[in-house]
Amino acid sequence: MALAMMEVGETREIKEFHGKEEVKRHLQDLGFVKGERVQVIGENPSGMILLVKGVRIALNRGLASRIMVV
Amino acid sequence: MSYTIALAGNPNCGKTTLFNDLTGSRQRVGNWPGVTVDKKEGTYKKDKGINIMDLPGTYSLSPYSAEEIIARDYIVKEKPDAVIDIVDGTSIERNLYLTLQILETGVPTVIALNMMDEVEARGDKIGAEKLSEIFGVPVVPIVARNGKGILELMAEAVEVAKGKKTPKKLPVFDEKLQGTIDDAKKLLDDAGETDSQWKAIKLLENDENIAGQVTEELKKRVGEVAEKAYGSGADLEAAVADQRYQYIAKVVKDAVKKGTTGHVETKSDKLDKILTNRILALPIFAVVMYLLFACTNSENFLFLGINSPGIWLAGIVESIWGWLTDLVAGLVGGASPWVYSLVVDGIMEGLGAILGFIPLVLVLYILISFLEDCGYMARIAFVLDRIFRRFGLSGRSFIPLLQGFGCSVPAVMATRTLESEKDRKITTILAGFMPCGAKLPIFALFVSTLFVDSNQTLVTYSLYIFSIVVAIIVSLLLNKFVYKDGASNFIMELPQYRIPTLKSILIHGWEKVKGFAVKAGTVIFVSTILIWFLSGFNFDSFNGTNAAESEDGSVMCEMNDSFMASIGNVIAPIFKPLGFGEWRPAVGVVTGWIAKENVVVTFAQLYDEDVTDEYLEEYFAQYSSEELEELGFEDGEYDAEAAGDIYSEGVLFEGGDENALPHMKDDIKTKAAAYAYMVFNLLCMPCFAAVGAMKRELKTWKETGKAVAVQMVTAYVVALLVNVVGGLFL
Ligand SMILES: Nc1nc2c(ncn2[C@@H]2O[C@H](COP(=O)(O)OP(=O)(O)O)[C@@H](O)[C@H]2O)c(=O)[nH]1
Ligand SMILES: [Mg+2]
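Residues numbered from 1 in each chain as written. Chains lettered and ligands numbered in written order. Predicted model: local features only at pLDDT ≥ 70, side-chain atom pairs only at ≥ 80, totals over all residues. Heavy atoms only, no water.

Draft legend 1. Quick peek at the overall build of chain B. A count of helical and extended segments in chain B gives 34 helices and nine strands. Projected onto the principal axes, the alpha-carbon positions of chain B cover approximately 105 × 55 × 55 Å. A burial count over chain B gives 56% of its 730 residues as buried. Considering only contacts within chain B whose residues lie at least 6 apart along the sequence, 72% involve residues at least 24 apart. With an accessible surface of roughly 31600 Å², chain B has 59% of that area assigned to carbon and sulfur atoms. Charge centroids of chain B, computed over 68 positive and 93 negative side chains, lie 16 Å from each other. (Helix = DSSP H or I, 4+ residues; strand = E, 2+ residues; numbered from the N terminus. Buried < 20%, exposed > 50% of the residue type's maximum accessible area, 1.4 Å probe, protein only. Contact = heavy atoms within 4.5 Å. Areas by Shrake-Rupley, 256 points an atom, 1.4 Å probe, with all protein chains shown as cover. Lys, Arg positive; Asp, Glu negative; His and termini not counted. Charge placed at Lys NZ, Arg CZ, Asp CG, Glu CD.)

Draft legend 2. Representation of the packing of aromatic side chains within the structure. All names here are of chain B. Under the criterion given, the structure shown has 23 aromatic pairs over all chains. Here the aromatic rings of Phe533 and Phe537 are separated by 4.9 Å at their centres, their planes lie at 25°, and the arrangement is stacked. Of the residues examined, Phe533 reaches a relative accessible area of 28% and is grouped as partly exposed. Centre to centre, the rings of Phe603 and Tyr607 are 5.2 Å apart; their planes meet at 50°, and the pair counts as tilted. Exposure class is identical for Phe603 and Tyr607. Each is buried. Ring pairing ties together the aromatic residues Trp338, Trp532, Phe533, Phe537, Phe539, Phe542 and Phe563, which thus form one cluster. (Phe/Tyr/Trp six-rings, centres within 6.5 Å; stacked < 30°, edge-to-face > 60°.)

Draft legend 3. Highlighting the site of ligand 1. All names here are of chain B. The environment of ligand 1 is formed by 18 residues, the closest being Asn12, Lys15, Thr16, Thr17 and Asp117. Between Cys13 and ligand 1, the recorded distance is 3.2 Å, taken from a backbone N or O atom to an oxygen atom. The contact in question runs from a nitrogen atom of ligand 1 to an N or O atom on the side chain of Glu118, over 2.9 Å. Look at ligand 1: alone it shows 580 Å² of surface, and the protein chains cover 96% of it. (Near = heavy atom within 4 Å. Polar contact = N/O pair within 3.5 Å; in protein donor to acceptor, adjacent residues only side chain to side chain.)

Draft legend 4. Examining the pairing of strand E4 (residues 55–60) of chain A more closely. Residue and element names in this part refer to chain A. Among the six residues that make up E4, six are buried, leaving the element largely enclosed by the rest of the structure. What you see with E4 is no split at all: Val55, Ile57 and Leu59 on one side and Arg56, Ala58 and Asn60 on the other are buried throughout. Of the pairings in the sheet, the one linking strand E3 (residues 47–52) to E4 comprises six bridges and is antiparallel in character. Paired with Val52 across the bridge in E4 is Val55. (Pairing = 2+ DSSP bridges.)

Draft legend 5. Geometry of the interface of chain A and chain B. Contact with chain A, which involves 32 residues of that partner, is made by 42 residues of chain B. At the boundary of chain A with chain B, total buried surface from both sides reaches about 3300 Å², with 53% on carbon and sulfur atoms. Taken as a group, Arg25(A), Asp29(A) and Arg56(A) account for 22% of the area that chain A buries against chain B, more than any other trio of residues on that side. Linking chain A with chain B are five salt bridges, by the criterion used here. Across the salt bridge formed by Arg56(A) and Asp272(B), the nearest N and O atoms sit 3.9 Å from each other. Scanning the region where chain A abuts chain B turns up 16 residue pairs in polar contact (both at pLDDT 80 or more). Looking at the side of chain A that touches chain B, the elements that each hand over two or more residues are helix H1 (21–29), strand E2 (37–44), E3 and E4 of chain A. Across the side of chain A that touches chain B, the residue classes break down as 14 nonpolar, eight polar and ten charged. With three bridges joining them, E4(A) and strand E9 (residues 491–493) of chain B adopt antiparallel strand pairing. Across the sheet, residue Leu59(A) finds its bridge partner in E9(B), namely Ile491(B). (Buried area = accessible area lost by both parts, 1.4 Å probe. Salt bridge = Lys/Arg side-chain N within 4 Å of Asp/Glu carboxyl O. Nonpolar A, V, L, I, M, F, W, Y, C, P; charged D, E, K, R; others polar.)

Draft legend 6. Local environment of the pattern of salt bridges. In total, this model carries 39 salt bridges over all chains according to the counting rule given. Residue Asp73(B) pairs with Lys77(B) through a salt bridge whose shortest N-O separation is 3.7 Å. Taken together, the residues Asp73(B) and Lys77(B), both in helix H2 (residues 66–78) and four residues apart, mark about one turn of the helix. Residue Asp667(B) pairs with Arg584(B) through a salt bridge whose shortest N-O separation is 3.8 Å. Of this pair, Asp667(B) sits in helix H31 (residues 664–667) while Arg584(B) is found in helix H26 (residues 583–594), placing the two residues 83 residues apart along the sequence. Classification of Asp667(B) by relative accessible area gives buried; the value is 14%. Note on Arg584(B): relative accessible area 9%, which makes it buried. What emerges from the salt-bridge pattern is a single network uniting Arg56(A), Asp269(B), Asp272(B) and Arg379(B).

Draft legend 7. A look at the sheet that holds strand E3 (residues 47–54) of chain B. Residue and element names in this part refer to chain B. The strand order E2-E3-E1-E4-E5-E7 describes an open sheet built from six strands, whose pairing is mixed. The open sheet terminates on both sides in strands that have one partner only, identified here as strand E2 (40–44) and strand E7 (139–141). The sheet shows a mean angle of 25° between the axes of neighbouring strands, direction not considered. Across the sheet, helix H6 (residues 150–163) is in contact with strand E1 (3–9), E2, E3, strand E4 (82–88), strand E5 (109–114) and E7; its angle to E5 comes to roughly 165°. (Axes fitted to C-alpha atoms, helices over the stretch in contact; angles between N-to-C directions.)

Right, here's the structure in full:
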């Protein structure tokens, strides 16, 4: 499923990313690698706040819906 | 022997704080990713032979945005003698990802473990010795904020630089990947490439920048190597990233003891629950913005009936300047008329017209820097993302635009952190629409002179709203007709909330005052003299005609016959449809391009004629005798002797503003025209310094020209609408 569908408090593993190569690389640099566990710690109309490798990262909803998790 | 030591690390890990510690300089520090957008050099306080280079933050050596390229290129191409890799101890895993890449380049490196105060407060323990053993480079724990550990850090860095200690190769990748890297490296070595190890990895990672630097042939052969090992279409990039992170996980397990397992809710998380709340976030933002302007520019601060800190300070500065002007006037009183005119009417009057506004801008700056330092800025950008998206931008554009309220130059530079080219171009244009500190005096002058009987605060606020509305419309239009590539992403790290240090706030304030003093002493000062000269002289000043004709032998001429009038009269017709087609306002627009402060400086000089008896008589002729009596004339009869006082107390300065220039009314006759003039100056081309910054960001003069053209056309069309439509109502 897409990361955007996760609820606040939920933790899941990253599977893949559908989108541009350079965005994918940037996400990887920020810790969004396959198998990494991400937790949703906040949500609002702009998008979601995630916890990745102990760092808070804000993503817009469109991007979050292109990151697949299991 | 002199060494250059570069500071590298993730955004917001404390590089600039450390740089300021080491060099004693005062660079901007802020608590959001993207504060430093350019490299900055300084010398080490304790050893002038050592140069320190502050770099923009970067998450990896494969850059994503423009300022990251600067950091990467510096490390890889210019090759400092050593790099201090600053690692934020509170997010060590993510930070070490860049560390591995820096070590791969083979540059002599020292690792600084920063934010150790916060690490300790969390109860985490980081084994610096263990890390040093693993990575084979010195690791020094520091607290950049209070200078703890930086002497040891520098000692190690100098040692490493002297010894040219190239870090050892780490067992980051598995056998298969390392084998592939070695094969690629061999190809590069054979082709005579330098930095083959690092380039091999980057090529396998598909880094376009590096791919562009080697020959097609070489690229193809590296591709073949990858294909042989992994099959075609394999995602080596993901494999590289993945294995780096796996290696880091092992390192962290060995060297770091977490105080708690799992994620515990921190203060920052709690604050975020409120400040980025789906319902509360926007109202809170609105209140914060309101407070920002209330503190700066309100005569009824928080409805308490007192002046805001900004206005209060402005009053003090103005009285000091007034006192100084009197003093100077006394000193040059005996000198020849033109010297007096230059010093008192030109320089003192001109600079005085803008000096009073420094405190306003200063207060605004300090408040903005407070927002930056506490960590709220990144949150606002996120919260506004949804709204900005509707206008075709990302929430990140908010940061440059807010900075535009202070000054357009840093605002334009801040567009560098925007990831999409479209956003950068549009935001650069929009930044020019913002009511920067130098435009404030224009509004104040106009409001106090031409909107005497209106709600002045409302008129000023309406201009702020105006700039935002115009920015939105222009962004929508540009998105629709010019830049059609879709919406950009929003990815931003949200730093911890931190209480700003007094030092950092004072630095912001001090830099602003210093910057203004320099500008006032150079550009504006020269402009002032130029305006004085052009408006006081003409060709007859130099052939003796003026001297022969005037009573006191002065070579100066009537303003209406001056050079300035001749120039102004040529361009004035352009502005006729906007309601201010006279030479003086036209000249004001032009001098404003040198520096926006000049608009007011120009007006202060050009409209500085005393209120004459004829003017007064004409002015009061419009009133009936009852009205005259109400104004203070005895028996409702016009009295030339009392007129002067009544005019200044009863008519003009009801708002109590001694800076008003009554003669402006002769040229700008209606409120619609006055508003159009303010709007035109608000939106048209910013000052040359800002245009220079635009050129740096947009790269070519062609693009810069296009951007300026958009600003000019917008200004003209909107001001025209204001004058025409406003004329029907006002
Ligand atoms: N608690 C703590 N905060 C720090 C330390 N060093 C820097 N900071 C804060 O971290 C934020 C980012 O600092 P800055 O120097 O601008 O980081 P840069 O983006 O890497 O240049 C600022 O709010 C600093 O006050 C430190 O050692 N301890
Ligand atoms: Mg910095």
